[in-house]
Amino acid sequence: MSKTLVFTEFSKDHAKSVTLEILGKMKGVKPDVVAIGDFPTSAKEDLAKYGAENIHVLKGDALKNYSPEGYAQAIHDLIKANGYEYIFAGSTSIGKDLFPRLSSMFNSGMISEVTNFSYDGSTFSGTRPLFAGKCLAKVEFTGAAPHFITVRPNALGLDASPTAGAGNVSEANASVSEIKALIKEIVKGTSEKLDLTEANIIVSGGRAMKNSENFSILNQLADVLGATVGASRAAVDAGYAPHNMQVGQTGKTVSPSLYIACGISGAIQHLAGMRTSKVIVAINTDPDAPIFTKADYGIVGDLFKVVPILTQEFKNLLGK
Amino acid sequence: MNIFVCVKQVPDTETKIVPRADGTFIETSSIKWIMNPYDEFAVEQALLLKAAVTGSTVTVLRVGGVKDTEATRTAMAMGADEGILVEGDDNLDSFSTAKALKGAIEKSGKSADLILTGKQAIDDDCLQVPQILAQMLSMPSVSVVVGFENNGGKLMLKREIEGGSLEVYEASTPCLVACNKGLNTPRYASLPGIMKAKKKPLQQFSLADVGVTDADRKVKYSQFQLPPEKPAGKKFDAMDDAKLNSVVSEVVGLLRNEAKVI
């Protein structure tokens, strides 16, 4: 069997959910995990529960903040020393930036953002969306190991009955040479919520929101549901919302369990970016809006009337 | 400053994608090609720098089909000085594309001080080529960049991460910067610009010319297909205010009891 490594990040002292999704998908493979920097002890339990055998924690002064060069060097040396052949990560801001550089260090291939895969410890094949989800294809490696793979958050789901691993944590100092692009400062965004790409529930607004102030009614709904607020390209181009909220082909591609589209007509490039959502609710005054063709539950009505009632109903239901 | 901009030609975002019957790729015969939207921010950033740093040149690089050269011509019409085109096929993966771009830079006879790219191409959505190329050239790279300042060769770059937070990088040149929407407002090509572009030098090479072999293809695609269609959903009419409460209440009930997502 090949040696398998999964790179993990943390969110509020727990392993990011996408790491657990990946681990849970690899029954019988006995994967190891690598983390960089401070390791929250509460994360050990999650990782072991979903099957992590050895957990490598790499530390060093040059690794306090993320840098593509520093992280890549540290993980490169770990892969070399242990002969890992398949290396996985979530398709997060860091995973997307780090893994291509790492794969290039080995002159190896990388498969980005699969939404499903089969891997038995010796062969890998994945499925990934292209053209922002307008099309799917099968992807395999043709070159030599090591092989690098990133996985879209929320796409696999958590395994309901995972097989536990030993979860042995070992710390090591990583030696990192000169880094030519270094973080000087991190400017925190205003939102404490999960990013759209990782959110479990998304409430999105379109051109029918009319202005940026009206997004407050979506924020209220999102607060009740613990959701993240998104927007269509039409709303972003009209200046109602910033680009980092855009869902679609020239924004973010998302796969939440619940996507609530408010006043979004459903342009092809928006549908491409959200069609893999598990359940879609659409609210629109136009009964012929294309969004209704993708919606599990469609409400033909005025979002300014529907959303406040929806918020109240969820409040009652969730006892808030 | 020798500035290189990598552009890709992709189907227009309004394009309906149709897989080939044999699943080897998508039908490309009737596609309207455009410059990858994120690459427009890279071209604009290159032109802003060229205007600010005397003696700079902007070379636009592209790997892909050569029947249509829309993306390269657009970049030159916007103001890039010259172009290099490497003829590629449908089966190039990110590694072989990055290697072709590296080869194209070598063919230019210039050393790159700065390489600008879009943060991702909206066709394969891999987000790999910029970082692979930077590593091949032993350069630092910063991706998803929404802020760019040049202080005499020291770059201050703002990279957007989860939740709208920003990482502010200081980087030395040579460097590769992968640009996101919001970095600048790309200019339109002017009519005189379009006329001038026709006379600008455009060199063309084959993959073999730039040293790409079959061994550089590391990833294989097959079984291109449309995503499965969802069965039709349930639709409720709430245009009449009298029905509002009952419709919303029913949908919330379905989300809990039928869809089980709440």
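Predicted model only: the values in this text are computed from it and were never measured. (Residues numbered from 1 in each chain as written. Chains lettered and ligands numbered in written order. Predicted model: local features only at pLDDT ≥ 70, side-chain atom pairs only at ≥ 80, totals over all residues. Heavy atoms only, no water.)

1. Regarding the nonpolar core
Counting residues in each nonpolar core, the largest one holds 64 residues, and the members touching the most others are Phe7 of chain A together with Leu157 and Val177 of chain B. Of all the elements, helix H1 (residues 37-52) of chain B adds the most residues to this core, at seven residues. Sequence-distant contacts of Leu157 of chain B, defined by excluding residues within four places in its chain, comprise Val142, Val145, Gly147, Phe148, Glu167, Val168, Tyr169, Ala171, Cys175 and Val177 of chain B. Formed by 43 residues, the second largest nonpolar core is a distinct cluster that contains Val224, Val236 and Met245 of chain A together with Val252 of chain B. (Core = buried A, V, L, I, M, F, W, Y, C linked by side-chain atoms within 4.5 Å. Buried < 20%, exposed > 50% of the residue type's maximum accessible area, 1.4 Å probe, protein only. Helix = DSSP H or I, 4+ residues; strand = E, 2+ residues; numbered from the N terminus. Contact = heavy atoms within 4.5 Å.)

2. Some thoughts on the pattern of salt bridges
Per the counting criterion, the structure on display carries 31 salt bridges over all chains. With a shortest N-O distance of 3.5 Å, Lys64 of chain A and Asp61 of chain A are connected by a salt bridge. As far as the burial class goes, Lys64 of chain A and Asp61 of chain A line up, both exposed. Where Arg159 of chain B meets Glu167 of chain B, a salt bridge forms, and the shortest distance between an N and an O atom there is 2.9 Å. Taken as a pair, Arg159 of chain B and Glu167 of chain B share a single burial class, namely buried. Each of Glu9, Lys16 and Glu198 of chain A together with Glu162 of chain B takes part in salt bridges that share partners, so that together they form one network. (Salt bridge = Lys/Arg side-chain N within 4 Å of Asp/Glu carboxyl O.)

3. Looking at the interface of chain A and chain B
Contacts between the two partners involve 89 residues from chain A, matched on the other side by 80 residues from chain B. Taking both partners together, chain A and chain B bury about 7500 Å²; carbon and sulfur atoms supply 56% of that area. In terms of surface lost to chain B, no three residues of chain A exceed Arg101, Phe131 and Tyr297 of chain A, which account for 10% of the buried area on that side. Where chain A meets chain B, there are seven salt bridges. In this structure, the salt-bridge partner of Glu140 of chain A is Lys220 of chain B, at a minimum N-O distance of 3.9 Å. Counting the contacts that link chain A with chain B gives 47 residue pairs in polar contact (both at pLDDT 80 or more). Tallied by class, residues from the side of chain A that touches chain B come to 40 nonpolar, 25 polar and 24 charged. The sheet contact formed by strand E18 (residues 297-300) of chain A and strand E13 (residues 234-237) of chain B spans four bridges and is parallel. Along E13 of chain B, the bridge assignment pairs Val300 of chain A with Asp237 of chain B. (Buried area = accessible area lost by both parts, 1.4 Å probe. Polar contact = N/O pair within 3.5 Å; in protein donor to acceptor, adjacent residues only side chain to side chain. Nonpolar A, V, L, I, M, F, W, Y, C, P; charged D, E, K, R; others polar. Pairing = 2+ DSSP bridges.)

4. What about the sheet that holds strand E1 (residues 4-7) of chain A?
Residue and element names in this part refer to chain A. Ordered by their spatial adjacency, seven strands build an open sheet running E7-E11-E6-E1-E4-E5-E12, and the pairing between neighbours is parallel. With partners counted over all chains shown, the strands left at the sheet margins are strand E7 (110-114) and strand E12 (168-173), one partner each. Direction aside, neighbouring strands of the sheet carry axes that sit 20° apart on average. As defined by bridge partners, strand E4 (residues 32-36) adjoins strand E5 (residues 54-59) across four bridges and the pair is classed as parallel. (Axes fitted to C-alpha atoms, helices over the stretch in contact; angles between N-to-C directions.)

5. Focus on empty space enclosed by the protein
Tallied over the entire structure, the rule returns one cavity of 30 Å³ or more. Reported here for the largest cavity is a volume of approximately 460 Å³. For the largest cavity, the lining is made up of 32 residues, of which Lys96 and Lys252 of chain A together with Lys119, Gln120 and Leu127 of chain B are closest to its centre. Contributing elements (two or more residues each) for the lining of the largest cavity: helix H4 (93-105) and strand E9 (124-130) of chain A together with strand E7 (141-151) and strand E8 (154-160) of chain B. In terms of residue count, H4 of chain A provides more of the lining of the largest cavity than any other element does, three residues in total. In terms of residue class, the lining of the largest cavity is made up of five nonpolar, 15 polar and twelve charged. (1 Å grid on protein atoms, 1.4 Å probe; cavity = no way out; pocket = protein on both sides within 12 Å on 5 of 7 lines; lining within 4 Å. Points joined across faces, edges and corners; volume = space filled by probe spheres on them.)

6. Some points on the environment of Asp216 of chain B
Residues and elements named next belong to chain B. Relative to the assigned elements, Asp216 resides in the loop between strand E11 (202-206) and strand E12 (219-225). For Asp216, a relative accessible area of 7% gives the class buried. On a C-alpha basis, the gap between Asp216 and Gly83 in space is 24 Å, while along the polypeptide they are 133 residues apart. A distance of 2.9 Å separates a polar side-chain atom of Asp216 from the backbone nitrogen of Thr213.

7. Description of the domain arrangement of chain A
Residues and elements named next belong to chain A. Splitting chain A by domain gives domain 1 (4-173) and domain 2 (201-318). The straight-line distance from the C-alpha centre of domain 1 to that of domain 2 is 31 Å. A buried area of about 740 Å², summed over both sides, lies between domain 1 and domain 2, and 51% of it is on carbon and sulfur atoms. The tally of links from domain 1 across to domain 2 stands at two residue pairs in polar contact (both at pLDDT 80 or more). Of the residues belonging to the side of domain 1 that touches domain 2, the class tally is three nonpolar, two polar and two charged. (Domains from an automatic or database assignment.)

8. Some remarks on H4 of chain A
Quick reminder: α-helices carry 3.6 residues per turn. Residues three or four places apart thus point the same way. Residues and elements named next belong to chain A. Within H4, eleven of the 13 residues are buried, which leaves it mostly tucked inside the rest of the structure. Taken as a whole, H4 has its buried residues at Ser93, Ile94, Gly95, Asp97, Leu98, Phe99, Pro100, Arg101, Leu102, Ser103 and Ser104. Asn107, located one to two residues past H4, shows a positive phi value of around 50°.

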